[in-house]
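Structure assessment
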Amino acid sequence: MLNLILFGPPGSGKGTHSLKLVDKYNLVHISTGDIFRSETSNKTELGLKAKSYMDKGALVPDELVIDMLFSVMDRHENAKGFVFDGFPRTLVQADKFDEMLNKKNMPISMVVSLEVSDDELIKRLVKRGIESGRSDDTEEVIKQRLDVYNKQTKPLLDYYKNKKLLQSVYGIGSIEEIFNSICERINGKR
């Protein structure tokens, strides 16, 4: 089983590369952001709760995220592996996630960190907001999201580095160049 965490700040390309990894390695994509946006557009209770946090650029509480994640994984019990996109985001989530995966005997194979400068991220996300109409892609909210990422999520780099799971990839260049770098890391570890 190949279980990957695609790690990086908002706008680093996690979603784009997750979908390419799904196709190449026949994995199931789990994106907390996509799931929350789906729930939001369907105006479910979970979606409305998540939207109140996302619109402010804040993280959705751990309990809400983890409950949703368990449910999605259980629906794919015969999967060859998963690509986790945007999860975990905090040390508490990472600990609970490791605990859950150990119980299921499904360890994380690798954590791929996409490295992109803040200036490039802001440029990418403002452009995405204009093109897609996403309410959480305004410059003010983007800066808040990057601040939250740097304070709450970036410490996970050391967490996974200490577990010898972390592989860093330079996240600027063509999509194909970046994707090839990711695949080289994965194939080198298999």
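Scroll up to find the structure.
Just so you know, these numbers come straight off a predicted model, no measurement behind them.

Below, the discussion takes up the layout of surface pockets. What the largest pocket holds in volume is close to 1100 Å³. Pro10, Gly11, Lys14, Arg128 and Arg145 are, among the 49 residues lining the largest pocket, the residues nearest its centre. Elements that contribute at least two residues to the lining of the largest pocket include exactly β1 (2–7), α1 (14–25), α2 (32–41), α6 (118–132), α7 (139–153) and α9 (175–189). If one sorts the elements of the lining of the largest pocket by residue count, α6 sits on top with 7 residues. Approximately 150 Å³ is the volume found for the second largest pocket.

Read from one edge to the other, the open sheet built from 5 strands follows the order β2-β3-β1-β4-β5, with strand pairing classed as parallel. At either end of the open sheet lies a strand with only one pairing partner, and these are β2 (28–31) and β5 (166–170). In this sheet, neighbouring strand axes are inclined to one another by 20° on average, regardless of whether the strands run parallel or antiparallel. Of the strand pairs in this sheet, β1 and strand β3 (residues 81–85) are connected by 5 bridges, and their pairing is parallel. Each bridged residue has a counterpart across the sheet, and for Leu2 the counterpart in β3 is Gly81. Seen against the sheet, α2 touches β2 and β3 and runs at an angle of roughly 70° to β2.

The next thing to look at is α2. Of all the residues in α2, the buried ones are Thr32, Gly33, Ile35, Phe36 and Thr40. The arc that holds the buried residues of α2, viewed along the axis, is 165°, so those residues lie on one side. Buried residues in α2 make contact with β2, α3 (45–54), α4 (62–74) and β3.

On to the environment of Ser117, then. Checked against the element boundaries, Ser117 lands in the loop between β4 (110–115) and α6. With 107 residues separating them in the primary sequence, Ser117 and Pro10 have C-alpha atoms 11 Å apart.

A few words now on the nonpolar core. Within the largest apolar cluster, 34 residues are counted, with the highest numbers of intra-cluster contacts made by Ile30, Met73, Phe84, Phe97 and Tyr160. Mapped by element, the contributors of at least two residues to this core are β1, β2, α2, α3, α4, β3, α5 (91–103) and α8 (156–162). Among the elements that take part in this core, α4 stands out by supplying 7 residues, more than any other. Excluding anything up to four places from it in sequence, Met73 contacts Ile30, Phe82, Phe84, Phe97, Met100, Leu101 and Met106. One finds Leu4, Leu27, Cys183 and Ile186 within the second-largest nonpolar core, a separate group that totals 17 residues.

Analysis parameters
Each chain carries its own residue numbering, running from 1 in the direction its sequence is written. This being a predicted model, a pLDDT of at least 70 is required before a residue's local features are given, and a value of 80 or more before pairs of side-chain atoms are given or counted; all residues contribute to the totals for chains, interfaces and linings. As a convention, hydrogens and water are excluded, and side-chain values are obtained from all of the structure's heavy atoms. In this analysis, the protein atoms alone were mapped onto a 1 Å grid. Cavities are point sets where a 1.4 Å probe fits without being able to get out; pockets are open sets with protein on both sides within 12 Å along at least five of seven lines; lining residues have an atom within 4 Å of a point. Grid points are joined across faces, edges and corners, and a volume is the space filled by probe spheres set on the points. In this description a helix means any DSSP run of H or I spanning at least four residues, a strand means any run of E spanning at least two, and both kinds are numbered starting from the N terminus. For two strands to be treated as a pair, DSSP must find at least two bridges joining them. Whenever a helix is involved, its axis is fitted only over the stretch in contact; in every case the axis is a line through C-alpha atoms, and angles between N-to-C directions fall within 0 to 180 degrees. For this analysis, residues touch if any pair of their heavy atoms sits within 4.5 Å. Relative accessibility thresholds used throughout: buried, under 20% of the residue-type maximum; exposed, over 50%; partly exposed, between the two (1.4 Å probe, protein chains only). The directions from the helix axis to the C-beta atoms are what the arc is built from. For this analysis, a nonpolar core means a set of buried residues of the types Ala, Val, Leu, Ile, Met, Phe, Trp, Tyr and Cys, connected via side-chain atoms within 4.5 Å.

By themselves, these are just geometric observations and shouldn't be taken as functional.
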